[in-house]
Amino acid sequence: QITTVSGNEFLLQSDADFLILDWFRAIKNAIDRLPKEQRIASGNLEFKLRRSSSIELLHNLDTESKEPKPEHRKSLIFRLNYSASDTNDRNRVKSRLKKFISRRPSLKTLQEKGLIKDQIFGSHLHLVCEHEKSTVPQFVRLCIKAVEKRGLDVDGIYRVSGNLATIQKLRFVVNQEEKLNLDDSQWEDIHVVTGALKMFFRELPEPLFPYCFFEQFVEAIKIQDNATRIKSIRSLVKKLPRPNYDTMKILFEHLQKIAAKESVNLMSTQSLGIVFGPTLLRPEKETGNMAVHMLYQNQIVELMLSEYSKIFGSEED
């Protein structure tokens, strides 16, 4: 690295020692070719190999031997840093890292000791439910309750984004604390609550509609006959794991209430399908058919909302 008094900086890098030394000689020769009056009056040339495998050249150049006027005094500082890879050092570092990782306690052990709390966001749905001894996460229930209490009539509910910083704060509180009061003034913006709920579903390692069901739901929504299509979707929903089914049922029941207020909140089943389609179901591996998949994702959610009673109702219904 070459830094001049004017603030200009130049960085030259190479993995070859001989090339670094060539640069050093070139810089030194350039200084030596300067007119006599500009050569070093009292310079200190230092060339050393550090333990960190760094070769550094420091060269101070004063333009006048006598004390000049401040505006005529110039100083150039040349630094040449060379970082060489040391195979032995690398191997030692790798060995130490392996030992550290092998001795590191597992996440489960840390959780059992109470050093790390069980996370809500980013955990598998069935693990959250097992921890809470429920089939629907408590956080989902609390959000739904809050929205139905003060958000059914809000324009663009679930479509309008809340403040991301506040949503992240709510996320942190949920992951760190046992109790959550969504009636607290810091969560008064209902869009923060809806944003956090959508984030919870987006961060599930496996979506609410499990990966293994994705293609089956897509094939079902392609069926032309409406009655057969509904029957096929209903059959797939009934096969879902209990936490997925129960959480899906309570969520879609809630979204149906949102759609029922469409004249006020301007959120139709189609709008909700666009918002929740990609959030609730997606393929395990994205392919070139993303646009097509998104269309089917939206249609699946829209159909399940418009035909909620037929899909989630009892056999007798």
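Residues numbered from 1 in each chain as written. Predicted model: local features only at pLDDT ≥ 70, side-chain atom pairs only at ≥ 80, totals over all residues. Heavy atoms only, no water.

Peer 1: I keep staring at the overall build of the protein and nothing clicks. Help me out?
Peer 2: Within the protein, the regular secondary structure consists of 14 helices and five strands. Relative to its full complement of 317 residues, the protein shows a buried share of 38%. Partitioning the intrachain contacts of the protein with sequence separation of at least 6 by distance along the chain shows that 64% fall at a separation of at least 24. (Helix = DSSP H or I, 4+ residues; strand = E, 2+ residues; numbered from the N terminus. Buried < 20%, exposed > 50% of the residue type's maximum accessible area, 1.4 Å probe, protein only. Contact = heavy atoms within 4.5 Å.)

Peer 1: Can you walk me through helix α5 (residues 138-150) in this structure?
Peer 2: Owing to its 3.6 residues per turn, the α-helix brings residues three or four apart onto one side. Helix length check: α5 (13 residues) gives 19 Å between terminal C-alpha atoms against 18 Å at 1.5 Å per residue, within 8%. Within α5, the full set of buried residues consists of Phe-139, Val-140, Cys-143, Ile-144, Ala-146 and Val-147. End-on view of α5: buried residues confined to an arc of 165°, all on one side of the axis. What points out from α5, more than 90 degrees from its buried face, is the exposed set Lys-145 and Lys-149. Check the buried side of α5 and you find it contacts α6 (164-176), α7 (190-202) and α10 (242-260). (Expected span 1.5 Å × (residues − 1). Arc of directions from axis to C-beta.)

Peer 1: Would you explain unusual backbone geometry in this entry?
Peer 2: Excluding glycine, most residues fall at negative phi; most peptide bonds, likewise, are trans. In this model, Lys-133 sits at a positive phi of 55°, which is unusual for a non-glycine residue. By the secondary structure assignment, Lys-133 is in the loop between α4 (125-132) and α5. Here Lys-133 falls in the exposed class, since its relative accessible area comes to 77%.

Peer 1: So what exactly am I meant to see when it comes to the packing of aromatic side chains here?
Peer 2: Both the distance between ring centres and the angle between the ring planes are used here to describe each pair of aromatic rings. Taken as a whole, this structure holds ten aromatic pairs when the rule is applied. Of the aromatic side chains, those joined through ring pairs into one cluster are Phe-121, Phe-139, Phe-200 and Phe-201. (Phe/Tyr/Trp six-rings, centres within 6.5 Å; stacked < 30°, edge-to-face > 60°.)

Peer 1: Would you mind showing me how to read the side chain of Ser-123 here?
Peer 2: Residue placement: Ser-123 occurs in the loop between α3 (107-112) and α4. Given a relative accessible area of 17%, Ser-123 falls into the buried group. From its side chain, Ser-123 meets the backbone oxygen of Gln-119 in a polar contact 2.8 Å long. (Polar contact = N/O pair within 3.5 Å; in protein donor to acceptor, adjacent residues only side chain to side chain.)

Peer 1: Looking at this structure, I do not really get the confidence of the model for the protein. What am I missing?
Peer 2: Should pLDDT be low for a region, the predicted coordinates there are not to be read in detail. Across the protein, the average pLDDT comes to 79, with 71% of residues at or above 70. Across residues 40-85 the pLDDT falls below 50, and counting only partners more than four positions away or on other chains, this stretch makes 94 contacts in the model. (pLDDT = per-residue confidence, 0-100.)

Peer 1: Please clarify how the packing of α5 against α10 should be interpreted in this entry.
Peer 2: What describes two packed helices is the angle between their axes and the distance between those same axes. It is at 11 Å that the axes of α5 and α10 come closest, and there the two elements cross at 15°. Overall, the two elements α5 and α10 adopt an arrangement that is roughly parallel. Where α5 crosses over α10, the two elements pack in a sense that is left-handed. Between α5 and α10, the residues in contact are Arg-141, Ile-144, Val-147 and Glu-148 and Ile-250, Leu-251, His-254, Lys-257 and Ile-258, respectively. (Axes fitted to C-alpha atoms, helices over the stretch in contact; angles between N-to-C directions. Parallel < 35°, antiparallel > 145°, perpendicular 65-115°, else oblique. Left-handed = near helix turned anticlockwise from the far one by under 90°.)

Peer 1: How do you make sense of helix α9 (residues 226-238) when you look at a structure like this?
Peer 2: Taking 1.5 Å per residue as the helical rise, α9 with its 13 residues ought to reach 18 Å, and the 18 Å between its terminal C-alpha atoms agrees with that figure. Buried within α9 are the following residues: Arg-229, Ile-230, Ile-233, Arg-234, Leu-236 and Val-237. Seen along its axis, α9 keeps its buried residues to an arc of 165°; they face one direction. Every exposed residue of α9 that faces more than 90 degrees away from the buried side is listed here: Ala-227 and Lys-231.

Peer 1: Looking at this structure, I do not really get the pattern of salt bridges. What am I missing?
Peer 2: Summed over the entire model, instances satisfying the criterion amount to seven salt bridges. For Glu-219, the salt bridge goes to Lys-222, with nearest N and O atoms at 3.4 Å. (Salt bridge = Lys/Arg side-chain N within 4 Å of Asp/Glu carboxyl O.)

Peer 1: Teacher, can you tell me more about the nonpolar core here?
Peer 2: Proteins that are soluble and globular tend to have nonpolar side chains buried together. Ranked by internal contacts, the top residues of the largest apolar core, which has 67 residues, are Tyr-158, Phe-209, Phe-252 and Met-304. Excluding its chain neighbours within four sequence positions, the residues that come into contact with Tyr-158 are Val-147, Thr-194, Leu-197, Lys-198, His-254, Leu-255, Ile-258, Leu-272, Val-275 and Phe-276. (Core = buried A, V, L, I, M, F, W, Y, C linked by side-chain atoms within 4.5 Å.)

Peer 1: Sorry, what's going on with the side chain of Asn-175 here?
Peer 2: Assignment of secondary structure puts Asn-175 in helix α6. The class for Asn-175 is buried, based on a relative accessible area of 4%. Here Ile-120 takes part through its backbone nitrogen, which lies 2.7 Å from a polar atom of the side chain of Asn-175.

Peer 1: Mind showing me how you'd approach a nonpolar patch on the surface here?
Peer 2: Together, Val-93, Leu-97, Phe-100 and Ile-101 line one region of the surface with nonpolar side chains, adding up to about 420 Å² of accessible area. Inspection of the secondary structure assignment puts Ile-101 in helix α2 (residues 87-103). (Patch = residues over 30% accessible without salt bridge, like charges linked within 9 Å, V, L, I, M, F, W, Y side chains within 5 Å. Areas by Shrake-Rupley, 256 points an atom, 1.4 Å probe, with all protein chains shown as cover.)

Peer 1: Could you clarify how one ought to interpret the packing of α5 against α7 in this entry?
Peer 2: Viewed as axis vectors pointing N to C, α5 and α7 meet at an angle of 150°, and their least axial separation amounts to 10 Å. The angle between α5 and α7 falls in the class roughly antiparallel. Crossing hand, α5 versus α7: left-handed. Where α5 abuts α7, its residues Phe-139, Val-140, Cys-143, Ala-146, Val-147 and Arg-150 lie against Ile-190, Val-193, Thr-194, Ala-196, Leu-197, Phe-200 and Phe-201. Looking at the contact of α5 with α7 residue by residue, the class counts come to eleven nonpolar, one polar and one charged. (Nonpolar A, V, L, I, M, F, W, Y, C, P; charged D, E, K, R; others polar.)

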